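One letter stands for each residue in the lines below.
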Amino acid sequence: MPEQRVSVLGASGYAGAIAAMLIHRHPFFELAHVTARSEAGARLDDIHPRTRVPMELESWDPDAQGDVDAALVCWPHRAAAPAVAALRERGVRVVDLSADFRLRDRGIYEDWYGDHGAPELFGAGVYGLTELHRDAIAGADLVANPGCYPTAALLGLAPLARAGLIGDVIIDAKSGVSGAGREPTTTTHYISADENMTPYKVERHRHTPEIEQELAGQGADLTVTFTPHLVPLAQGELVSCYVTPARDYEESEVLDLFDDAYAREPWVELRLGPPGVIEVRETNYARLSVHCDARTNRILVFSAIDNLWKGAASQAVQNLNVMFGRDEREGL
């Protein structure tokens, strides 16, 4: 089978650079174009030397970068949607890493993000958490790559949701500063982040409706408490989920649920002890552990991922593999 040509839009950002690196070294896909909005003309390996991608960043032009089979769009919400629409008009299959096509309720999207940049395509994307929607992704032309926090949280909670075990859940999430992007802010600047840990967007984080939507799709229609924290790491993410069960259960049932869900998944690792972020750094793995606390009658689930890899770029390549009928481990 011939190689499929791929464009990566937004390759100067952290996730976009990793996506370009993975496509560049992929045995099946050919990296045809990399774009940047403010750094066009520079070489990607000058901006991100670790990528080893010796290609010049181009300005976005749908006619130029739309002459491909597929594209990874690594732009922020609202900016991504018009580019996705232009690519789809040209028959390009797209994995979008923004939030523009993750939500299915237009009113909820507008409440959290504002007007949609391509309303004619709203709702057309398949939610790209491969472990939950693999069959739908295989036939999709537009895949909405999940956010990093929802990826970790949903992998940890999906087996319990399907079994009707979640009565309530508190999601306590911690991520490195790379999740905020390349441009430093007051809170993500080294001086503020080093030797510190702070919660942020405590009452209204945009990943909340995404988590609630997908949990409802797995059988747990509820309002979640979700609190993210910034920790002094370059990259890495740990999500701790505290579940109040909706019914009686046995510990063996819970352990069997996770084993049935993930024992054959290539990118999910089940462990007896709590996972750490260093164990999954620069990989597409999610590392999970589940614990039944008899004293509090709660189920505790811990999920560790690399926010830039499984939480963004490598999961996008995993999805692209599935879309083109490849082994989803290929190139990863």
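Residues numbered from 1 in each chain as written. Predicted model: local features only at pLDDT ≥ 70, side-chain atom pairs only at ≥ 80, totals over all residues. Heavy atoms only, no water.

(A) Up close: the overall build of the protein chain. Helix and strand counts for the protein chain come out as 11 helices and 13 strands. Here the C-alpha atoms of the protein chain give a radius of gyration of 19 Å, agreeing with the 20 Å that 2.2 N^0.38 yields for 332 residues. By principal-axis analysis of the C-alpha atoms, the protein chain measures approximately 60 × 45 × 40 Å. Taken across its 332 residues, the protein chain has 55% of its residues classed as buried. Within the protein chain, counting contacts between residues at least 6 apart in sequence, those at least 24 apart form 70% of the total. (Helix = DSSP H or I, 4+ residues; strand = E, 2+ residues; numbered from the N terminus. Rg over C-alpha atoms; globule rule 2.2 N^0.38 Å. Buried < 20%, exposed > 50% of the residue type's maximum accessible area, 1.4 Å probe, protein only. Contact = heavy atoms within 4.5 Å.)

(B) Representation of the packing of helix H7 (residues 148-162) against helix H10 (residues 251-262) in the model. Contact geometry of H7 with H10 gives a least axis separation of 9 Å together with a crossing angle of 115°. The crossing of H7 and H10 is right-handed. Here H7 contributes Leu154, Leu155, Gly156, Ala158, Pro159, Leu160 and Arg162 to the contact with H10, which in turn contributes Val254, Leu257, Phe258, Ala261 and Tyr262. Considering only residue class, the contact of H7 with H10 consists of 10 nonpolar, one polar and one charged. (Axes fitted to C-alpha atoms, helices over the stretch in contact; angles between N-to-C directions. Left-handed = near helix turned anticlockwise from the far one by under 90°. Nonpolar A, V, L, I, M, F, W, Y, C, P; charged D, E, K, R; others polar.)

(C) Looking closely at the nonpolar core. In terms of nonpolar packing, the biggest core is built from 40 residues, with Leu160, Ile166, Val169, Ile171 and Leu215 touching the most fellow members. Elements that contribute at least two residues to this core include exactly H7, strand S7 (166-175), helix H9 (208-217), strand S10 (237-245), H10, strand S12 (286-293) and strand S13 (298-305). In terms of residues, this core owes the most to one element, H7, which gives 10 residues. If we ignore the near neighbours within four places in the chain, the residues touching Ile166 are Leu157, Leu160, Ala161, Ala220, Leu222, Val243, Thr244 and Ala246. Counting 38 residues, the second largest nonpolar core, distinct from the first, contains Val34, Ala36, Leu97 and Trp309. (Core = buried A, V, L, I, M, F, W, Y, C linked by side-chain atoms within 4.5 Å.)

(D) Region of the structure containing the sheet that holds strand S11 (residues 268-270). Taken in spatial order, the seven strands make up an open sheet running S8-S9-S7-S10-S13-S12-S11, and their pairing is mixed. Only two strands of the sheet have a single partner each, and these edge strands are strand S8 (198-199) and S11. As defined by bridge partners, S12 adjoins S13 across seven bridges and the pair is classed as antiparallel. From the neighbouring strand, His291 faces S13, where its bridge partner is Leu300. (Pairing = 2+ DSSP bridges.)

(E) Seen up close, the packing of helix H1 (residues 14-24) against helix H11 (residues 313-323). Two elements in contact, H1 and H11, have axes whose closest approach is 8 Å; the angle formed by their N-to-C orientations is 45°. By the angle class used here, H1 and H11 are oblique. Between H1 and H11 lies a crossing whose hand is right-handed. Facing H1, whose interface residues are Ala15, Ile18, Ala19, Leu22 and Ile23, H11 presents Ala313, Ser314, Val317 and Leu320. For the contact of H1 with H11, the residue count by class is eight nonpolar, one polar and no charged. (Parallel < 35°, antiparallel > 145°, perpendicular 65-115°, else oblique.)

(F) Quick peek at the sheet that holds strand S4 (residues 93-96). The strand order across the open sheet built from six strands is S2-S1-S3-S4-S6-S5, with neighbouring strands paired in parallel fashion. With one partner strand each, in any of the chains shown, strand S2 (29-34) and strand S5 (126-127) form the two edges of the open sheet. Strands strand S1 (4-9), S2, strand S3 (70-73), S4 and strand S6 (142-144) of the sheet are contacted by H11, whose axis makes an angle of about 155° with S4.

(G) Geometry of the side chain of Glu265. Assignment of secondary structure puts Glu265 in the loop between H10 and S11. Accessibility expressed as a relative area gives 12% for Glu265, which makes it buried. A polar side-chain atom of Glu265 sits 2.6 Å from a polar atom in the side chain of Arg134. Contacts of Glu265, omitting those with residues within four sequence positions, involve Glu131 and Arg134. (Polar contact = N/O pair within 3.5 Å; in protein donor to acceptor, adjacent residues only side chain to side chain.)

(H) Seen up close, the pairing of S1. For S1, the tally of buried residues reaches five of six residues, placing the bulk of the element in the interior. As defined by bridge partners, S1 adjoins S2 across five bridges and the pair is classed as parallel. The residue bridging Val6 from the neighbouring strand is Leu31, located in S2. Handedness of the crossover joining S1 and S2 through H1 is recorded here as right-handed. Here S1 runs beside S3; their pairing, made up of four bridges, is parallel. Note that in S3 the partner of Val6 across the bridge is Ala70. (Right-handed = clockwise from strand over helix to strand, strands pointing away.)

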